[in-house]
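# Topology and contacts: notes
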Amino acid sequence: MGNADSDVVFQSYGRCCNNESFFIDFYDRFMGSSAEIRALFANTNMAAQRHLLRNGIMQLVLHARGMPDTKLRALGCSHSRTGFNIRPEWYGLWLDALLATLRQYDPQFDETTALCWRRAIGPGIEVIRGAY
Ligand code: HEM
């Protein structure tokens, strides 16, 4: 299982995802990118949310490695207009915040790594975003 992109991404995430600070810095950055986004998390238990996101990103990585999109479709449902109402244009900010945080935490991160991340998880993000 796995292609060259998803192997790079799997290794890169492995160097980041066991560090709680990675997720703290991700959300600081993501919420810092828009007051509207910050407002969405005003009543969220962020310790729990960081844990959920750790798993959510892993779902994107596993989808890139050939896993079925069942879990991503469920996230699409919860993020859709009938759920958290996450507008499609916000996913670009989400991906920018993720890549900036990966660059900060993965000591082996370079432009190739960034490209591999974009190519590998782009289709999975579209599954979530497309359910809007
Ligand atoms: C909840 C993952 C994009 C806002 C969640 C949860 C996961 C998750 C795993 C908890 C499970 C659930 O409630 O369904 C992801 C992934 C994303 C993404 C993998 C990228 C494709 C976004 C974006 C926004 C957002 C772009 C906002 C602009 C929220 C909110 C919640 C949530 C508001 C609920 C928080 C609460 O319970 O108070 N997300 N998400 N997510 N997400 Fe996302």
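Note that this is a predicted model, so its numbers are computed, not measured.

### Focus: the side chain of Q59
Locating Q59 in the fold gives a position in helix α4 (residues 46–64). Accessibility expressed as a relative area gives 12% for Q59, which makes it buried. In contact with Q59, not counting residues within four places along its chain, are K71 and L72.

### So, unusual backbone geometry
Even without being a glycine, N85 presents a positive backbone phi close to 55 degrees. As for its placement among the helices and strands, N85 is situated in the loop between α5 (70–79) and α6 (90–105). Judged by its relative accessible area of 34%, N85 falls in the partly exposed class.

### Considering helix α1 (residues 4–14)
An α-helix turns once every 3.6 residues. As a result, residues three or four positions apart point the same way. Every buried residue of α1 is accounted for by D5, S6, V9, S12 and Y13. Down the axis of α1, the buried side of the element spans an arc of 125 degrees, and every buried residue falls inside it. Taken together, the buried residues of α1 touch α2 (20–32), α4, α6 and α7 (111–129). The opening residue of α1 is N3, an N-cap whose side-chain oxygen sits 3.1 Å from the backbone nitrogen of D5.

### Things to note about the site of the ligand
The environment of the ligand is formed by 18 residues, the closest being T44, S78, H79, F84 and W94. At 2.7 Å, a side-chain N or O of S78 approaches an oxygen atom of the ligand. With respect to the pocket detection grid, the ligand is positioned in the largest pocket. Put simply, the parts of the chain that give the shell around the ligand at least two residues each are α3 (35–40), α4, α5, α6 and α7. Split into classes, the residues belonging to the shell around the ligand amount to 14 nonpolar, four polar and no charged.

Basis of the calculations
- Residues numbered from 1 in each chain as written.
- Predicted model: local features only at pLDDT ≥ 70, side-chain atom pairs only at ≥ 80, totals over all residues.
- Heavy atoms only, no water.
- Helix = DSSP H or I, 4+ residues; strand = E, 2+ residues; numbered from the N terminus.
- Buried < 20%, exposed > 50% of the residue type's maximum accessible area, 1.4 Å probe, protein only.
- Contact = heavy atoms within 4.5 Å.
- Arc of directions from axis to C-beta.
- Polar contact = N/O pair within 3.5 Å; in protein donor to acceptor, adjacent residues only side chain to side chain.
- Near = heavy atom within 4 Å.
- 1 Å grid on protein atoms, 1.4 Å probe; cavity = no way out; pocket = protein on both sides within 12 Å on 5 of 7 lines; lining within 4 Å.
- Sits in = over half its atoms within 2 Å of the grid points.
- Nonpolar A, V, L, I, M, F, W, Y, C, P; charged D, E, K, R; others polar.

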